[in-house]
Amino acid sequence: MSGDAHHGRRRRPSKMYMVASDYKVQDHLEGTIRLQRGQLCVEQDGGGGHRAGRGDYLWVKVIDNGSVVKVERQVLSEVPSELAGLLEPVPELDLRVKLLSRPLILHRLAALPLGSEVRVFWNRSQSELAEAELRYRGPLARGSSAVYFGVQLKGWAAGRGTCNGNCKGRQLFSCPEACGLFLPVSELRLPRSSRGGSSGDHELHPSSTGTSPLNILSRAAESAAPQPLAVGQRVCFTQDECVQRGTVQFCGPLPGRTSVYVGVLLEHAVGSWDGYYKHSKLCSIPSPEFGALLPLSKVTAESRSERSPVAVTNPKPLPKLPALALSGKAALQPGSPPRDRPLIQAAMLVTAKKALQPPSCSAPLKPPPLATPKPALTPPAVPPNKPQAPPTSPPTDHNGFHNLPSPPMAEQRAEFGSWLEVGSMVEVNDPPLFGVIRWIGQIGGVSEPVAGIELDQELSAATDGSYLGDRHFRCPANKGLFVKLRNCRRDSRFPEPELPTNQVDRCNSIAFANWSSERVQDNTPPLTGRDARLAYEGFKKGIQGHLNSCYLDASLFSMFSCCSSFDWLLFWPTGPANSKSAQDLLRCEIVNPLRRFGYVCASKTMALRKLLKAETADSGFTNEEKDPEEFLNQLFLLLRVEPLLKIRSVSQKPQECFIYQLFPPSASASPSSPLLSPGSPLSPAAGLLRVASVQTLLESSFIHSGLKLTEAPSCLPLLMPRFGKEFKMFDAILPSLTLDITDLLDEALRQCSICQLVAQWECLQCYEDVDITPGRLKQYCSTCNTQVHTHKKRQTHKPTPLRVPQGSWEGPVPGARQLMDLFAVTCIETSHYVSFVRHGPGASDWLFFDSMADREGGENGFNVPQVRSCPEVGRYLSLPAEEFARLDITSLREPVRRLLCDAYMCLYHCPELSLYK
């Protein structure tokens, strides 16, 4: 594709405006829309508004609230695009007006090199300023045009900031904790030595006397040298008649030089720069094929209309950098300037009238007579005095007009090609007319789907989005054309879109480079106490989620972040190569980095998921939702380790397993079931929640199934009795902080429930007896067993003998109990797993982890994991079940409610036995 062809189709950047005075707009769809002086707007019709509006009106989109309105041109004052990004974050409209009247100061702040000394407002009421160093300039989120300034506080203000240069998981710059701030341009002041005159000392604040009218930059300022670009900003440049795009990683003078160069991380592997200049590292480039160093004059900022990715046809690699590091002769040459689009030809006017005709018919299609006009569709009214934040995903990608909803046409549309949808760029007729589909639906008298197209250029036969009095979408006058959907073709000026991204392999792509984590070979112990909070708390902490991986992320964080009881998995002798690879990956790529740096990227867990997929031949491990027990069972089998649990049923051989599922008795199992017994911890008495503790559930499950543990486990994973969101057996489950398994062990000395001698009998019916503390294990010595079952109510009981260690046992049994401690809980709500982890001995030492707490970018964006302190958990876990049953469940706040109402798996351990294991 030639450079001329490319530039011929490029649209010029949309103009930016500021509202010069308060203004009201009457819109028949949205009612009265009020514009306030100082609000920013962006032109919406690609330059055709002056023709559509007869020179008096202009279609614009208000950045502050997202409204698209038609405004008198005299109300708007044009704003240079490089200043609009600076003004957008300023919240006070009057201050925006003042700032725009001082363009030289704005340009000075925008051109300050990173590392410059600045002053920032600390207390506006007292005009108190703090010393700081400029560390970052640019948007806080990808795709945003708002320019913020990241500063590191100095002097007395150091330590009074809000961050360490991290914003929602993105490390925009690095500084000590609580020394970083992100501020709009209105909160910065030039250092005293940088001011050129008294005008720089004037206070820019709405309360200042003497407001200046809106001014536009002079021609001298417009012709000045290009301004430096911000790190993280999207840019493009021309190479070999192809447009390349990327993200700025460095912008500034090279060491020993005065001219400004830009280091770009490219979208495609066409580069040849590794981020270094004469052995000095300028920025981080993951691979030289994705890096380019260019003079500032050769790079342009990507406009909003250019942000939709355009595939590069046959990209060629950049030439190797010469020794002079692109002094100017070696720099990439830009393409030719854009040319104006050719005017509509006469043949186009003829063919446009035939657009709605079937191929076999030459006569125009006559719709039926117009019936009673349909009422216009009215979207929900927007409160005029409450500006709304712009939506993250606007309804249209090109000019932001509010389109009326199209009726569902999925089945009919499929036969014409699934790519045809609202927003598709198409062409019709020959010579072609180009435009964008704004509406698809049925029109009276036409038996097949019709597309409403907004044309790139005006056409006398076109409308404003109406057809025979019915409005189907909105566009400037003489740009709306209705054609049969099957007469639409893909816009031939653009290459076909790339195939959908392979999300399984995407976490290993160059796009994830800034989210990667390191390999740690050295064995690293778990973090506890204050160290755990310092290492884990914050965004981009924990394990990054990707493609339905929360079941694995929550499980691994629970097992390894603050506890060593599962570390034996990392050193168990393995056999097959697949097992060794999985163990090395788990130890050196996931567990050790998590404990060392507090973060693991999604590519590491995806590698583990691929090993599980290869071992089980289940492709769902890489892209589908799974349950934690399914993952853990397959992980233990992959590592070829011994099972955690050995459980024996009555008169049967011990069975081995990794996880135990709690199955409490149903309410109909027995007329005296503890589920129905008043006063029981499981009782659903009137006015009380159905609450159970894990201790009670475990004992009930073992006693009713006739099960015993043949040996005390080092770790005990327990699955809660939960059968979907709509079929919870309990309103809440209280995870017992300490689990007593003494009476669940086989061939262990157990105390008689009455006299504390060695127990020799156990009775299931007594466990449920309402007269002798229902819901508690009952075991008796021979004497007490006879006495208890002499009662006429218990003569039908059938006690079973216990397996007692060989030898003679006299006197009371020693009071030592076999206890296990709770160290993590995994919870689920609406198919998403999170975890709570205990990181210290204190009651408030709890962390909450969510691998997908936030999102950066759209469908192809990144999940941002988060770990935060959750001290309130301890207060509820220490409550008895009977007292907790009296709480109002609606009064519980997140995330405590998720822990108590959505518990899925509780992890217990015995530290002494874990060390032995």
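Not measured: the values here are computed from a predicted model. The residue numbering used here restarts from 1 in each chain and proceeds along that chain's sequence as written. Note on the predicted model: pLDDT of at least 70 is required for a residue's local features to be given, and 80 or more for side-chain atom pairs to be given and counted; whole-chain, interface and lining totals, by contrast, use all residues. Excluding hydrogens and water, the side-chain values take into account all heavy atoms of the structure.

## Notes on the overall build of the protein chain
Inference 1: Put simply, DSSP marks the helices as runs of H or I at least four residues long and the strands as runs of E at least two long, and each gets a number from the N terminus on. A count of helical and extended segments in the protein chain gives 24 helices and 47 strands.
Inference 2: Across the protein chain, the fraction of contacts at a sequence separation of at least 24, relative to all contacts at a separation of at least 6, is 65%.
Inference 3: Every accessible area reported is derived by Shrake-Rupley at a probe size of 1.4 Å, with residue values counting cover from the shown protein chains alone. A total accessible area of about 42700 Å² is found for the protein chain, and carbon and sulfur atoms account for 52% of it. Contact between two residues is taken to exist if any of their heavy atoms lie within 4.5 Å; hydrogens are not considered.

## Focus on the packing of aromatic side chains
Inference 1: Planes of paired rings set the category: under 30 degrees apart is stacked, over 60 is edge-to-face and the rest tilted, where pairs are Phe, Tyr or Trp rings (Trp by its six-membered ring) whose centres lie within 6.5 Å. The tally for this structure, following the rule as stated, stands at 15 aromatic pairs.
Inference 2: Ring centres of phenylalanine 473 and phenylalanine 482 lie 5.7 Å apart, and the angle between their planes is 50°; on these two criteria the pair is classed as tilted. Comparing phenylalanine 473 with phenylalanine 482 shows no difference in burial state: the two are buried.
Inference 3: Note on tyrosine 536 and phenylalanine 557: the rings are 5.4 Å apart at their centroids and 70° apart in plane angle, and the pair reads as edge-to-face. You can see tyrosine 536 sitting in helix 11 (residues 529-536) and its partner phenylalanine 557 sitting in helix 12 (residues 550-560), a full 21 residues away along the chain.
Inference 4: Relative accessibility decides the category of a residue: with a 1.4 Å probe and only protein chains considered, values under 20% of the type maximum give buried, values over 50% give exposed, and everything between is partly exposed. The class of phenylalanine 557 is buried, set by a relative accessible area of 0%.
Inference 5: Whether a charge sits over a ring comes down to the Lys NZ or Arg CZ being within 6 Å of the ring centre and within 35 degrees of the ring normal. Over the aromatic face of tryptophan 515 sits the side chain of lysine 540, whose NZ or CZ is 4.8 Å from the ring centroid.
Inference 6: Geometry around tyrosine 599 places lysine 540 over its ring, the cationic atom sitting 5.6 Å from the centre.

## Brief notes about the pairing of strand 43 (residues 819-829)
Inference 1: Taken across its 11 residues, strand 43 has 8 buried, putting it largely inside the fold.
Inference 2: Two strands qualify as a pair provided DSSP detects at least 2 bridges between them. Here strand 39 (residues 738-740) pairs with strand 43 via 3 bridges, running antiparallel. Residue pairing across strands places leucine 739 opposite methionine 820, the latter belonging to strand 43.
Inference 3: Pairing of strand 43 with strand 44 (residues 832-838), which is carried by 6 bridges, proceeds in the antiparallel orientation. Within strand 44, the position partnered with threonine 826 by the bridge is serine 835.

## With respect to the nonpolar core
Inference 1: Judged by nonpolar contacts, the single largest core of 104 residues is most densely connected at Leu698 and Leu718.
Inference 2: Broken down by element, this core gets its largest block of residues, 8 residues, from helix 12.
Inference 3: In this structure, leucine 698 is in contact with Tyr660, Leu662, Leu716, Leu718, Leu739, Ile741 and Leu744, ignoring residues within four places of it in sequence.
Inference 4: As used in this record, nonpolar core signifies buried Ala, Val, Leu, Ile, Met, Phe, Trp, Tyr and Cys residues forming a set joined through side-chain atoms within 4.5 Å. The next biggest cluster of nonpolar side chains, apart from the first, holds 35 residues, and it includes Leu86, Leu99, Val151 and Leu183.

## A few points about the sheet that holds strand 28 (residues 489-490)
Inference 1: Here 5 strands make up an open sheet; going across it, the order is 27-24-23-22-28 and the pairing antiparallel. Since the sheet does not close on itself, it has two edges, and those belong to strand 27 (480-484) and strand 28, each with one partner.
Inference 2: With 2 bridges connecting them, strand 22 (residues 425-428) and strand 28 associate as antiparallel partners. When the bridges of strand 28 are listed, valine 426 appears paired with arginine 490.

## Some words on unusual backbone geometry
Inference 1: The residue after glutamate 894, namely proline 895, is reached through a cis peptide bond having omega 0°.
Inference 2: Assignment of secondary structure puts proline 895 in the loop between helix 22 (881-884) and helix 23 (896-901).
Inference 3: In this structure, asparagine 548 is a non-glycine residue whose phi angle is positive, near 60°.
Inference 4: Classification of asparagine 548 by relative accessible area gives partly exposed; the value is 30%.

## Concerning the pattern of salt bridges
Inference 1: Basic side-chain nitrogens of Lys or Arg form a salt bridge, by our definition, when they fall within 4 Å of a carboxyl oxygen of Asp or Glu. Going through the model one piece at a time under the given rule, you end up with 25 salt bridges.
Inference 2: The closest approach of N and O atoms between arginine 648 and aspartate 746, which form a salt bridge, is 2.6 Å. In this pair, arginine 648 sits in strand 32 (residues 645-649) while aspartate 746 sits in the loop between strand 39 and strand 40 (761-762), placing the two residues 98 residues apart along the sequence. Of the two residues, arginine 648 and aspartate 746, neither departs from the other in class, the shared state being buried.
Inference 3: Beyond isolated ion pairs, a larger network of salt bridges with shared partners links Arg519, Asp584, Arg587, Glu589 and Lys604.

## Brief notes about helix 17 (residues 628-639)
Inference 1: Any helix carries an expected span of 1.5 Å times its number of residues minus one. Between its terminal C-alpha atoms helix 17 stretches 16 Å, which fits the 16 Å expected from 12 residues at 1.5 Å a residue.
Inference 2: Among all positions in helix 17, only Pro628, Glu629, Phe631, Leu632, Leu635, Phe636, Leu638 and Leu639 are buried.
Inference 3: Just downstream of helix 17, arginine 640 is the residue with a positive phi angle, here 60°.

## What about the confidence of the model for the protein chain?
As a note on interpretation, predicted positions should not be read in detail where pLDDT is low.
Inference 1: What pLDDT reports is the predictor's confidence in each residue, on a scale of 0 through 100. Across the protein chain, the average pLDDT comes to 75, with 73% of residues at 70 or higher.
Inference 2: Note that pLDDT drops below 50 for residues 194-226; the model gives that stretch 56 contacts with residues more than four away or on any other chain.
Inference 3: Considering only residues more than four positions removed or in separate chains, one finds that residues 667-687, a stretch of pLDDT under 50, has 38 contacts.

## Considering the pairing of strand 24 (residues 450-455)
Inference 1: In terms of burial, strand 24 is a largely internal element, 6 of the 6 residues being buried.
Inference 2: Residues of strand 24 alternate between two faces, with Val450, Gly452 and Glu454 on one and Ala451, Ile453 and Leu455 on the opposite face, all of them buried.
Inference 3: Taken together, the 6 bridges between strand 23 (residues 433-441) and strand 24 define a ladder with antiparallel strand orientation. Of the residues in strand 24, the one forming a bridge with glycine 435 is leucine 455.
Inference 4: The pairing of strand 24 with strand 27 spans 5 bridges and is classified as antiparallel. By the bridge assignment for strand 27, valine 450 is matched with lysine 484.

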